Every structure is written in C-alpha cells, then in structure tokens.
Amino acid sequence: MRTLALLLLLGCSPAAQDGPVQRSPDELQEQAERFLEASTARYLELRTDVAEAAWAANTRIVEGDSSLAEAEERAAQALAEWLGSADVLGTARALLERSEDLKPLQVRQLEALLYQAAPSDQRMADIVQQRIKAETAQTQRMYGYTFLLDGEEITPNDIDRGLTTETDLERRRRIWEASKAVGPTLKDGLLSLRELRNHTVRGAGYEDFYAYEVSDYGMTPDGMDALLLRLLGELWPLYRELHTWARYELAGRYGVDEVPDLLPAHWLPNRWGQSWAALVEVEGLDVDAALADKDPEWIVKEAEAFYVSLGFPELPLSFYEKSSLYPVPNDAGYKKNTHASAWHIDLDQDVRSLMSVEPNGTWFATTNHELGHIYYYLAYSQPNVPPLLRRGANRAFHEAVGTQMGMAATQRPQLVHRGLIEAEVEVDETALLLKEALESVVFLPFSAGVMTRFERELYRDELPADRFNARWWELAAHYQGIAPPAPRGEDFADALTKTHINNDPAQYYDYALSTFILFQLHEHISRQILHQSPRSTQYWGSAEVGDFLRSILESGGTRDWRDVLEQATASELSAEPMLRYYEPLMAWLREQNEGRTYTLPETLESP
Ligand code: X8Z
Ligand code: ZN
C-alpha cells in the first residue's frame, strides 16, 4: 500500500524521472545531499517567516484586529504548501525507502523533514488550511480573553499571586473560578482542532494526533503509557505521603474540621494544582523575599549570568532588543500571550523569549527555564548540526535543561554565593526538601497522569464533547487526588484553561519525562563532577558543569536521545535519582502522617 502510494506520488513529481530507485549508493547520497541542501534553504526561509509572524501575533493581541493573526496564517500556509507538497514528501519518502544506503545524518534529516511535514500534506490542502486557521484563532481567543474577578479585570499574574497569598477560602474560590472562565470560550475551537489535527496526520499514516506527537520519541502510544506508568508508579508512594500531608495540613490552616478525601482545587496555590511549593515557607531560605525588591530586569540578567558563569556565551544583543520579557500594562490597549516561551526565530542567532517576568521565585525559576531553551538553541546552532536537526535530543531534554538550572539556582550554597540569603542562618533541611517535593514530585501526577491521559483520550479515543469536564475531573481525582470546589458540569471546560491543551497539543509528557531526566543529570553533575550532595550544590562558576551540559546540548537532534542519556549518565531513563534525592523526606512524611487516613490507593493503576 505504502509503496503504491509512493509511486503514485512520484509519478506526478519531477523526482520521478530522476528517482532514487536505481542509483548506486554514492549517487543516492549525492542526490540526498542536493535535496537536503535545497530543502533546508527553502525551509529556513519559510519557517523564519512563520516564526516572525507568529511572534508578532503572540506579542500584540488587539481585540477586533485580526491582521497579525492573518499574517501568521498566510506565512504558515506558505510553509505548509511547500512542506506538504508532493515534491518534498515524495522525494523524502523515496529516499528513505533506501535508508540503508544513506548516511545516518541524512536519514535523520529526512525523517525530521517528514515528521514536520505530516500535518501539512497538501493532498488534503483544504483541511490543512482549516487547521492552520483554527490553530491561530485558538491562541488569539485564549490570550485575548479578559479575566474578571468581582467585575474587575485581573491578569494571570494576579490570579497566581492571589492563589499563592490569599488566605480567605471564599475569596480563593472566586479567584480559582475566575481562572476557569476562559475554558468554555475555547471548547468549539478545540473540538474543531481535534478533528483537523487527527485528520491531517492520519493522511500520513499515523493512527491519530497523539500517536503522531509520541512518535517523535521513536515510541508508540502504548510504549509511552507504559514508560510513564512505570516512572510515576515508582514515585507514587512519595506522592501519596505528600497528598496525605497536604490534606491534613491545609484543613488545619483553613480551619476545616473534616479533612477532605480529595484536595479541593481552590485550596492549592496553583490553578491546576500542578505545583504546591508555595504552601511551605522555609525560614532563612525565602527566595520570594530575597527577590521581592529586585527589578524584573535583574531576574533575567541573573539567570543569564548563571549560564555565563558555566562558560556559555552572553546572550546576543538582539535577545534583549527583540524579546518581550515583562508584563503588558492593563491599559496598554493590547494583550500578549502570557504563558512563558522561548523562540528560535531563524534557527540561528535570533533567539527571543516571551515572558511576563515579575520579581518572585516562580518567575525566577521560569526565567531560568526559558533561558535553558535559549542556550540549547544557541548551542546547536553551529555548522555540525544541520538546521533540520536543530532541536533537542528529544523534546523532554529541551524542557529539562532550564528547569534543572532553576533548581540549581535556588539551592542553598548558590543562594549564599549570590548574596541572596545569609550564610549563617540555620535552615530547616526537611522543610526545604518538602518545598522542593511539592514542586517536582507533585508535578508528576498532573503531567504524566492527568494531562497526558486526557489528551490521549481526546485524540485517540475521540472523547465525547459532553464528557470533557467529567473526564478531566475523574482523572484529577485518580492521579492528583484533587476535586473541584463544587461539581462542575459540561458547561465548563476546565482542561482547556491549560494553554498546552490548546496550542502545544499532546506533548505534556515532555515535562514529566524532563523531570526524571533532569534529576538524572543533576545527580551525575553533583556526584561525578562537583562531588557535592545533590541536595546542596553550587553549579555557579563551574566550567566542568558547563562542559558537561554543552556536550549534551551542542549535538541537538543528531543523536538518538537514549544514547545521549546513556552516554551522559551511564544509565537509562530512571526514577531512581529522584527517589534518592527525596529519600530523607519519605521518613519524615511517614512520621507526620502516622494515624492519618490515606485516601489514595497504595499503588497506582491505569485509570
Ligand atoms: O509551559 C511551561 C514552560 C514553557 S515551555 C513555562 N512549563 C509547563 C507549564 O507551565 O505547565 C514549564 C513547567 C510545566
Ligand atoms: Zn519549556
């Protein structure tokens, strides 16, 4: 079937007369080289246009003015027309039919090209065009939305601050509910996108859009499921202790006599319950307090200085000229995408970040995270990495680097070294470890569980539209042990309040995997390079740490991610380093929870 389709494709393209079928290996490699060279040039041109246009559309969202979104659509359409053309698809597929006669790097580039082209196949040009329109419209709708609290406009930063600091439960509930009001406005858009995304990749032979995204790891959906269940299952006993601790602790704080079985979502300091770190303040190591009187610019400069201290270059001047790093004032007359991101505009030195930095610990971590992407971009933008492979070893590696740096930046020795905390103050090590676990461990049931499972069912099982909210909360109960403040019917669409569901689809396991990867890399750095305890490191100023990280980053997507991890840490992907990190906490939690009722099962099952 596939070969027939291929011949038909070749039959209508110029590559047919000049096809690879009869060539000698040398001639074939030569042909592949020419094809890749020409394709890369065109790809760079068209992709840069898309990135520029998308950047403009995401940094300036004006109600009633869709001109920037339309410009983005036109650019994306031009890229899709070329990328999904019979010429490009046909030639790349025909060359790959003889992959054993090609150079490995050629094979990887052709595969990367085909992967990117899959949702743009011009045999269904209409659908592709509709998909592009729907993608742009969804982002505009999401970030053009005005959140209201008691009739007053509030920003996502206000919401996050409110859920972090507000102590009155009734007010917390109103803030949380305000944050969910955007969901229903996105539901029709997501329903169309689900159809269009599934439809476009099915044409390329993928079962569905989830399977397509997962295939980027060289894995099947079931393989990914099994991997996540194994890793999350190993962390589960620790999460179960944290969950129990939080139920009792918060019931105490809010003066609620009956400890709830499921944690009410509005009790938690994050809109989705994906991080509970703000529940704990560590005396002597209060990063929020240390940053409160800094300018937002200081936060970005400090993060850059950290990377520079490891031997990474200073950011290009254009980063500061072209990025959009700080919040847009409410009266500016336009909005922007408020979710942090990092952009590689030209697959070379034009790197930018879109953020709304405020001087607090969360934005400090996020800034380090985004600069991780930026330094990854810069590290692989070099002649040894063909532009088509200027990507992470996998997407999870891309997410890991900056989160790891953010974690390292807030470990005690480094905070002391940077003058952010006093050296002499006694710090409660358990409270500190608890706070870290409420960030990284708590994140996993959400990322590996709720988000991933929801999107798998959304795309693969075509989850019915009248089950979206019910299923979302079933999954939140199953994995996170969280419930909404009151039952929420299908008039709500709470999953859709998460940006990734809309505009970074079927990829949230990236963040789950990145968490395991980063603990693995961190343990290696601590033990083998710095000879320090993983819980108390100072990366700052270590050229060896910089060399180690660079050796991973600078090969981009030229090597298989399993080899990259194995070579770097002499181990395959594992939850062990993370478990070792939190070992001392487990004993403390068990003690705290003695006599308490656990409401999560002892072992994690598939939902
Ligand atoms: O989306 C992000 C980054 C951009 S790549 C800020 N993160 C996830 C989230 O916010 O949900 C980082 C951690 C998880
Ligand atoms: Zn990221």
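If you're wondering where the values come from, they're calculated on a predicted model, not measured in any experiment. (Residues numbered from 1 in each chain as written. Chains lettered and ligands numbered in written order. Predicted model: local features only at pLDDT ≥ 70, side-chain atom pairs only at ≥ 80, totals over all residues. Heavy atoms only, no water.)

1. Some remarks on the coordination of the zinc ion (ligand 2)
For the zinc ion (ligand 2), the full set of protein donor atoms is H369 (NE2), H373 (NE2) and E399 (OE), at a range of 2.0 to 2.1 Å. Donor residues for the zinc ion (ligand 2), ordered by position in the chain, follow H-x3-H-x25-E. Of this pair, H373 sits in helix α15 (residues 361-380) while E399 sits in helix α16 (residues 395-409), placing them 26 residues apart in sequence. Judged by relative accessible area, H373 falls into the buried class, the value being 7%. (Donors = N, O, S within 2.8 Å, 3.2 Å for Na, K, Ca; no water. Helix = DSSP H or I, 4+ residues; strand = E, 2+ residues; numbered from the N terminus. Buried < 20%, exposed > 50% of the residue type's maximum accessible area, 1.4 Å probe, protein only.)

2. Some points on the site of ligand 1
Around ligand 1, the neighbouring residues are Q274, H339, A340, H369, E370, H373, E399, F443, K498, H500, Y508 and Y511. Taking Q274, its side chain carries an N or O atom lying 3.1 Å from an oxygen atom of ligand 1. At 2.8 Å from an oxygen atom of ligand 1 is found a side-chain nitrogen or oxygen belonging to H500. Protein contact buries 81% of the 370 Å² of open area that ligand 1 shows by itself. Take the shell around ligand 1: its biggest share by element is 3 residues, from α15. Here the residues of the shell around ligand 1 sort into 4 nonpolar, 5 polar and 3 charged. (Near = heavy atom within 4 Å. Polar contact = N/O pair within 3.5 Å; in protein donor to acceptor, adjacent residues only side chain to side chain. Areas by Shrake-Rupley, 256 points an atom, 1.4 Å probe, with all protein chains shown as cover. Nonpolar A, V, L, I, M, F, W, Y, C, P; charged D, E, K, R; others polar.)

3. Remarks on the nonpolar core
By size, the foremost hydrophobic cluster in this structure holds 155 residues, and its most contacted members are L242, W276 and Y582. Ranked by the residues each element gives to this core, the list is headed by helix α18 (residues 429-459), at 17 residues. Discounting residues that sit within four places of it in the chain, Y582 has contacts with L238, L433, E436, A437, S440, V441 and F519. Judged by nonpolar contacts, the second largest core, of 34 residues, contains L46, A75, A92 and V128. (Core = buried A, V, L, I, M, F, W, Y, C linked by side-chain atoms within 4.5 Å. Contact = heavy atoms within 4.5 Å.)

4. Quick look at the pairing of strand β4 (residues 341-344)
Side chains S341 and W343 of β4 all project onto a buried face; the interleaved residues A342 and H344 project onto the opposite face, where all are buried too. In this structure, β4 lies alongside strand β5 (residues 351-354), joined through 4 bridges in antiparallel fashion. Looking across to β5, one finds that H344 is bridged to V351. (Pairing = 2+ DSSP bridges.)

5. Remarks on unusual backbone geometry
In the Ramachandran plot, L347 falls in the positive-phi region, its phi being about 55 degrees despite a non-glycine side chain. The residue L347 is located in the loop between β4 and β5 in this model. The backbone phi angle of E462 is positive, close to 50 degrees, even though this residue is not glycine. Checked against the element boundaries, E462 lands in the loop between α18 and α19 (468-480). When its relative accessible area of 32% is taken as the criterion, E462 is described as partly exposed.

6. With respect to the confidence of the model for the chain
Per-residue pLDDT for the chain has a mean of 96; in total, 97% of the residues score no lower than 70. Contacts of residues 1-17 to residues separated by more than four positions or lying in other chains number 19 contacts, the stretch itself having pLDDT below 50. (pLDDT = per-residue confidence, 0-100.)

7. A look at the packing of helix α6 (residues 125-144) against helix α9 (residues 187-203)
Interhelical geometry of α6 versus α9 gives an angle of 145 degrees and a closest axis separation of 9 Å. Note that α6 runs across α9; the crossing there is left-handed. Each of I127, V128, Q130, R131, A134, E135, Q138 and R141 in α6 lies in contact with α9, whose residues at this interface are G189, L190, L193, L196, R197, H199 and T200. (Axes fitted to C-alpha atoms, helices over the stretch in contact; angles between N-to-C directions. Left-handed = near helix turned anticlockwise from the far one by under 90°.)

8. Examining the pattern of salt bridges
On inspection of all chains with the given rule, the structure shows 44 salt bridges. In this structure, R352 engages D350 in a salt bridge whose closest nitrogen and oxygen atoms are separated by 2.8 Å. As far as burial versus exposure is concerned, R352 and D350 are alike and both buried. For the salt bridge of D510 with R395, the shortest nitrogen-to-oxygen distance reads 2.8 Å. Here D510, found in helix α21 (residues 509-530), pairs with R395, found in helix α16; they are 115 residues apart in sequence, far enough to count as distant. By the burial criterion, D510 is buried, and R395 matches it. Overlapping salt bridges, with partners in common, bring together D222, D225, R453, R456, E457, R467, R471 and E474 in one network. (Salt bridge = Lys/Arg side-chain N within 4 Å of Asp/Glu carboxyl O.)

9. As for the packing of aromatic side chains
Applying the stated criterion to the full structure yields 31 aromatic pairs. Aromatic pair F446 and Y508: ring centres 5.5 Å apart, planes at 80 degrees, arrangement edge-to-face. Of this pair, F446 sits in helix α18 while Y508 sits in the loop between α20 (499-503) and α21; the two residues are 62 residues apart in sequence, bridging distant segments of the chain. Among the aromatic residues, those joined into a cluster by ring pairs are F443, F446, F454, F468, W472, Y508 and Y511. One Lys or Arg, R418, reaches over the ring of W540 and ends 3.8 Å from the middle of that ring. Between R488 and the ring centre of F492, over which it is positioned, the NZ or CZ distance is 3.8 Å. (Phe/Tyr/Trp six-rings, centres within 6.5 Å; stacked < 30°, edge-to-face > 60°. Lys NZ or Arg CZ within 6 Å of the ring centre and 35° of its normal.)

10. Thoughts on α15
Working note: α-helix, 3.6 residues per turn, so residues spaced by three or four point in the same direction. The terminal C-alpha atoms of α15, which comprises 20 residues, lie 29 Å apart, in line with the 28 Å expected from a rise of 1.5 Å per residue. Counting buried positions along α15 gives 18 out of 20 residues, so the element sits mostly inside the fold. Its side-chain oxygen 3.2 Å from the backbone nitrogen of T362, N360 forms the N-cap of α15. (Expected span 1.5 Å × (residues − 1).)

11. Some remarks on the side chain of D350
Along the chain, D350 turns up in the loop between β4 and β5. Residue classification places D350 among the buried positions, given a relative accessible area of 10%. Residues in contact with D350, not counting those within four places in the same chain, are E52, K322, W343, H344 and I345.

12. Concerning helix α11 (residues 221-253)
Over its 33 residues, α11 extends only 42 Å from the first C-alpha to the last, a length that falls short of the 48 Å expected when each residue adds 1.5 Å. At W236, α11 shows its strongest bend, of approximately 50 degrees, with the proline P237 following within four residues. After α11 finishes, the residue G255 shows a positive phi value of roughly 65 degrees. (Bend = angle between axes of the 7 residues up to and from the residue.)

13. Here we look at the environment of Y511
Along the polypeptide, Y511 turns up in helix α21. Measuring from C-alpha to C-alpha, the distance between Y511 and L347 comes to 23 Å, with 164 residues separating the pair along the chain. In this structure, Y511 is in contact with E399, F443, H500 and D504, ignoring residues within four places of it in sequence. Separated by 3.1 Å, the side chains of Y511 and H500 make a polar contact.

14. With respect to the environment of V128
Note on placement: V128 falls in helix α6. In contact with V128, not counting residues within four places along its chain, are A80, P119, S120, D121, Q122 and T200.

15. Structural notes on a negative patch on the surface
Among the surface-exposed residues, E281, E283, D288, E426, D428 and E429 lie close enough to one another that they form a single negatively charged patch. Among the structural elements, D288 can be located in helix α12 (residues 287-291). (Patch = residues over 30% accessible without salt bridge, like charges linked within 9 Å, V, L, I, M, F, W, Y side chains within 5 Å. Lys, Arg positive; Asp, Glu negative; His and termini not counted. Charge placed at Lys NZ, Arg CZ, Asp CG, Glu CD.)

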